[in-house]
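Spelled out, the chains give:
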Amino acid sequence: MNLENCILAIDQGTTSSRAMVFGTDSQIIAMAQQEFPQHYPNDGWVEHDPEDIWQSTLTVCQQALAEAEAKGARVVGIGVTNQRETTVVWDRKTGKAIYNAIVWQDRRTANDCLALQQAGHSQQVRSKTGLLLDPYFSASKINWILNHVEGARQRAQNGDLAFGTVDSFLIWRLTGGAVHATDITNASRTNLYNIHQQQWDPELCELFEVPAPLLPLVKECADDYGHALASLLGKSIPICGVAGDQQAAAFGQCCFDPGSIKSTYGTGCFVLLNTGDKAVDSANQLLTTVAYKVQGKIHYALEGSIFVAGAAVQWLRDGIHIIEDATQTESLATSLDYEHGVYLVPAFAGLGAPYWDPEARGAIFGLTRGTTNAHLSRAALESVAYQTSDLLKAMADDGVTPNVLNVDGGMVANNWVCQFLTDVLDIKVQRPQIMETTALGVAYLSGLYLGLYENTEALTNKNKIDTTFESTMSADLRNKLLCGWKTAVECTLGFKR
Ligand SMILES: Nc1ncnc2c1ncn2[C@@H]1O[C@H](COP(=O)(O)OP(=O)(O)O)[C@@H](O)[C@H]1O
Ligand SMILES: O=P(O)(O)OC[C@H](O)CO
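No experiment lies behind these values; they were computed from the predicted model shown.

### Here's the deal with the pairing of strand S21 (residues 404-408)
- Burial of S21 is extensive: 4 of the 5 residues sit out of reach of the surface.
- As paired strands, strand S15 (residues 261-265) and S21 are joined by 3 bridges and run parallel to one another. Bridge pairing in S21 links serine 263 to valine 407.
- Here 3 bridges tie S21 to strand S22 (residues 428-432), and the two strands are oriented parallel to one another. In the sheet register, valine 404 faces S22, and the bridge partner there is lysine 428.
- Tracing the backbone out of S21, into helix H14 (residues 415-425) and back to the parallel element S22 gives a crossover that is right-handed.

Here is the structure:
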């Protein structure tokens, strides 16, 4: 085990904050995790308390560092990865947020986005940012905060406030307010960043009424983000790798070549396909986004974003209390056969790609007196595979048909999920040995900046495949199941409250 030149990777996710210490040979030396509360103050609203984000992050960093140091590890750099799009606006003097973090899943600005769409701005936003004009992204959330917190707009114009995605907020706090920066992958999720010119776009800032003095400096993914304070972490450590969590997972899966693809199953599910130095337009409602920029070279990606994956399992546990633990879903799912007939469309926060309907809400079909927690658990797991199938179909229509899907995220610890995925997609599903690919991705980025690795080629093959899943399902059964899913989605989209 190599204990010299270790990296502390911070993974600030939607439901929990994690910190891991990696050695240069990719092994995990220490790890700590803390869940934090979710707030749902209104229909379609999702918020986090920024102090919960900060305190949980600081605590897990301190725990992981203490454990690593007790084992003799020497930590030389920090990587930060984060739930993307989630929007924080804070006071530059006090460092305190002026409103809760508005989470990526939050749909409160659906009407604001609709008004901009109806005014004909969709193409302008799409061509500059690669994104849709949707409440998912940060811009309309920033505008909402400035419109709803008294005096905020004036203070923003005066330069007294700062906006950041969660990476930026954490870097600000870790450096004691010395650095207000974000990386290009996080910037590319705001609806304000021109991914072709690689700069904040003044026209979009005007469109979304976001004053320029709010915005952070945009840097490459392996770059100088200042030093975390010794008063917080026991010693001053450079922060030198930053990426949004889905891009970080793709980097951790070594998706460096055009055509390489990964799918991460956390709270949501996000499929990213590397398209090299070309920003490819999708004709099928996929997003064009920045995969990473390292050593001066940019790579773009096509992305399919599903808002609810593991969140459906969390709902079974915390919302309707029919399971006690996420791991239970595996045995419950296995207890039923394929033709159980229940479909769950988990549009709790609208539907993302390829449907993009922020007003859609979840639905369950096929209930009988015999329906049990096993049916609902299985339908929740199945919905994740069906949604992935929708994304891969959209990618195929855009001309890309992968034959292997690299998976990661909390849900793929579930073998049943991986097998059902390969069955429904009819392609190989590969699970890596180190499933913490998100954290690993920013550990790699920090290592690149510090010169621990020369270039991306030096990283390839570091994270070996643990299990390959292959389909055993007949084409007839697959078609029948997918046909049922299609009907369920159509009915869900057709239902308006
Ligand atoms: N064995 C399992 N089976 C099904 N779902 C699981 C399992 N373990 C964890 N999950 C789900 O995975 C999600 C956690 O994954 P994680 O990658 O940590 O998410 P995030 O980074 O979004 O917080 C939770 O929503 C949880 O319900
Ligand atoms: O918290 P996760 O891992 O579900 O990721 C959230 C995404 O970054 C949202 O775009």
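Having seen the structure, we can now continue with the description.
### A look at the pattern of salt bridges
- Counting across every chain of the model gives 26 salt bridges.
- Note that glutamate 35 and arginine 317 form a salt bridge whose closest N and O atoms lie 3.7 Å from each other. Of this pair, glutamate 35 sits in strand S3 (residues 28-35) while arginine 317 sits in helix H11 (residues 310-319), and the two are 282 residues apart along the sequence.
- For glutamate 35, a relative accessible area of 49% corresponds to the partly exposed category.
- Judged by relative accessible area, arginine 317 falls into the partly exposed class, the value being 23%.
- Among the salt bridges present, the one from arginine 173 reaches glutamate 51, with a minimum N-O distance of 2.8 Å. Here glutamate 51 lies in helix H1 (residues 50-70) and arginine 173 lies in helix H6 (residues 166-174), a separation of 122 residues in the sequence.

### Structural notes on the environment of alanine 110
- Looking at the secondary structure, you find alanine 110 in helix H2 (residues 110-118).
- Beyond its immediate stretch of four places on either side in the chain, alanine 110 contacts Pro135, Pro358 and Glu359.

### Focus on the site of ligand 2
- For ligand 2, the full set of nearby residues is Gly13, Thr14, Gln83, Arg84, Glu85, Trp104, Tyr136, Asp245, Gln246, Thr267, Gly268 and Phe270.
- Within the side chain of aspartate 245, a nitrogen or oxygen atom sits 2.5 Å from an oxygen atom of ligand 2.
- Contact between ligand 2 and threonine 267: an oxygen atom at 3.3 Å from a main-chain N or O atom of the residue.
- Considering ligand 2 on its own, with 310 Å² of exposed area, one finds that the protein chains cover 93% of that surface.
- Grouping the amino acids of the shell around ligand 2 by side-chain chemistry returns 3 nonpolar, 6 polar and 3 charged.
- Built from parts of two domains, the shell around ligand 2 gets at least three residues from each of domain 1 (6-244) and domain 2 (254-432 + 464-497).

### Quick notes on H6
- Taken across its 9 residues, H6 has 9 buried, putting it largely inside the fold.
- By the burial criterion, the buried members of H6 are Val166, Asp167, Ser168, Phe169, Leu170, Ile171, Trp172, Arg173 and Leu174.
- Positive backbone phi, approximately 65°, marks glycine 176, located one or two places after H6.

### Here's the deal with the UniProt feature "binding site: sn-glycerol 3-phosphate" (unreviewed entry) in the protein chain
- UniProt marks Thr14, Arg84, Glu85, Tyr136 and Asp245 with the feature "binding site: sn-glycerol 3-phosphate" (unreviewed entry), using the numbering shown here.
- Residue position: tyrosine 136 is located in the loop between helix H3 (122-129) and helix H4 (138-148).
- At 3.2 Å, the side chain of tyrosine 136 forms a polar contact with the side chain of arginine 84.
- If you trace the backbone, aspartate 245 turns up in helix H10 (residues 245-252).
- For aspartate 245, a relative accessible area of 12% corresponds to the buried category.
- Apart from the residues lying within four places of it in its own chain, the contact partners of aspartate 245 are Thr81, Asn82, Gln83, Arg84 and Thr438.

### As for the side chain of lysine 128
- Relative to the helices and strands, lysine 128 is located in helix H3.
- Of the polar contacts made by the side chain of lysine 128, one reaches the side chain of glutamate 203; its length is 3.3 Å.
- Residues in contact with lysine 128, not counting those within four places in the same chain, are Tyr193, Asn194, Ile195, His196, Asp201, Glu203 and Leu204.

### Remarks on the site of ligand 1
- Taken together, 17 residues lie around ligand 1, and Thr15, Arg18, Thr267, Gly310 and Gly410 are the ones closest in.
- Residue glycine 310 places a main-chain N or O atom 2.9 Å away from an oxygen atom belonging to ligand 1.
- Residue threonine 329 places a side-chain N or O atom 3.5 Å away from a nitrogen atom belonging to ligand 1.
- Summarising the interface, the protein chains cover 85% of the accessible area of ligand 1, which totals 580 Å² for the free molecule.
- Listing elements by their share of the shell around ligand 1, those giving two or more residues are strand S2 (16-22) and H11.
- It is H11 that contributes the most residues to the shell around ligand 1, 4 residues altogether.
- Partitioned by chemical class, the residues of the shell around ligand 1 number 4 nonpolar, 12 polar and 1 charged.

What counts and how
- Residues numbered from 1 in each chain as written.
- Chains lettered and ligands numbered in written order.
- Predicted model: local features only at pLDDT ≥ 70, side-chain atom pairs only at ≥ 80, totals over all residues.
- Heavy atoms only, no water.
- Buried < 20%, exposed > 50% of the residue type's maximum accessible area, 1.4 Å probe, protein only.
- Helix = DSSP H or I, 4+ residues; strand = E, 2+ residues; numbered from the N terminus.
- Pairing = 2+ DSSP bridges.
- Right-handed = clockwise from strand over helix to strand, strands pointing away.
- Salt bridge = Lys/Arg side-chain N within 4 Å of Asp/Glu carboxyl O.
- Contact = heavy atoms within 4.5 Å.
- Near = heavy atom within 4 Å.
- Polar contact = N/O pair within 3.5 Å; in protein donor to acceptor, adjacent residues only side chain to side chain.
- Areas by Shrake-Rupley, 256 points an atom, 1.4 Å probe, with all protein chains shown as cover.
- Nonpolar A, V, L, I, M, F, W, Y, C, P; charged D, E, K, R; others polar.
- Domains from an automatic or database assignment.
- UniProt positions renumbered as here; feature names shortened; annotations may be inferred.

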